[in-house]
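If you want the building blocks of each chain, they are given just below.
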Amino acid sequence: MEKGMEPERKGCLIQIGTMALVAIGMYISIEMEWPYLKNLLLMSSCLIGSFVGERYFMKSEKHPSNKTYIWLAIGALVAAGLLTWLLEGRG
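First things first, this report covers the structure right here in the doc. (Residues numbered from 1 in each chain as written. Predicted model: local features only at pLDDT ≥ 70, side-chain atom pairs only at ≥ 80, totals over all residues. Heavy atoms only, no water.)

### Focus on a nonpolar patch on the surface
Nonpolar side chains collect at one region of the surface, where Ile-70, Trp-71, Ile-74, Val-78, Leu-82, Leu-83, Trp-85, Leu-86 and Leu-87 lie side by side and expose about 930 Å² of accessible area between them. Checked against the element boundaries, Trp-71 lands in helix H3 (residues 66-89). Overall, Trp-71 belongs to the exposed group, its relative accessible area being 58%. (Patch = residues over 30% accessible without salt bridge, like charges linked within 9 Å, V, L, I, M, F, W, Y side chains within 5 Å. Areas by Shrake-Rupley, 256 points an atom, 1.4 Å probe, with all protein chains shown as cover. Salt bridge = Lys/Arg side-chain N within 4 Å of Asp/Glu carboxyl O. Helix = DSSP H or I, 4+ residues; strand = E, 2+ residues; numbered from the N terminus. Buried < 20%, exposed > 50% of the residue type's maximum accessible area, 1.4 Å probe, protein only.)

What follows is the structure, given as structure tokens:
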């Protein structure tokens, strides 16, 4: 019997689950007209994809630290705020 799931299969399930959550969040942000949430979800889906792809699909033993992904998440929050300000706040 297998003890756990294959890393590739587990990565696919995590990616599908997070994309479903992003899609639900996008629907809510469009219906409620929350541009910051919409922009944040667009950027976070790319960040999640790179994180899952690197953790579960790369065969390399050298992975970036979690601190790197924390800084990328903070950057995504700031970038979403700037994008929202540029697209929605200046008009």
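### Regarding the packing of aromatic side chains
Taken as a whole, this structure holds 1 aromatic pair when the rule is applied. Judged by centre distance (4.9 Å) and plane angle (85 degrees), the ring pair of Phe-51 and Tyr-69 falls under edge-to-face. Placement of Phe-51 in helix H2 (residues 35-56) and of Tyr-69 in helix H3 is noted, with a sequence separation of 18 residues between them. Classification of Tyr-69 by relative accessible area gives buried; the value is 13%. (Phe/Tyr/Trp six-rings, centres within 6.5 Å; stacked < 30°, edge-to-face > 60°.)

### Observations regarding the side chain of Glu-54
Relative to the helices and strands, Glu-54 is located in helix H2. If near-sequence neighbours (up to four positions away) are discounted, Glu-54 is found in contact with Lys-62, His-63, Pro-64 and Tyr-69. (Contact = heavy atoms within 4.5 Å.)

### Details of helix H1 (residues 7-32)
Under the 1.5 Å per step criterion, the end-to-end length of H1 is 37 Å for 26 residues, consistent within 8% with the ideal 38 Å. Restricting attention to buried positions, one finds in H1 the residues Gly-11, Gln-15, Thr-18, Val-22, Gly-25, Met-26 and Ser-29. Each element contacted by the buried residues of H1 is listed here: H2. Looking one or two residues past H1, Glu-33 carries a phi angle of roughly 55 degrees, positive in sign. (Expected span 1.5 Å × (residues − 1).)

### Let's talk about the environment of Ile-28
With respect to the element layout, Ile-28 can be found in helix H1. Separated by 10 residues in the primary sequence, Ile-28 and Lys-38 place their C-alpha atoms 8.7 Å from one another.

### Considerations on unusual backbone geometry
The backbone of Glu-33 sits at a positive phi, close to 55 degrees, despite the residue not being glycine. Within the fold, Glu-33 resides in the loop between H1 and H2.

### Notes on H2
Given 3.6 residues per helical turn, the α-helix brings residues three or four places apart onto the same face. The end-to-end C-alpha distance of H2, which contains 22 residues, comes to 32 Å, matching closely the 32 Å that a straight helix rising 1.5 Å per residue would cover. Within H2, burial applies to Asn-39, Leu-40, Leu-41, Ser-44, Ser-45, Val-52 and Glu-54. Tucked inside the fold, the buried residues of H2 contact H1 and H3.

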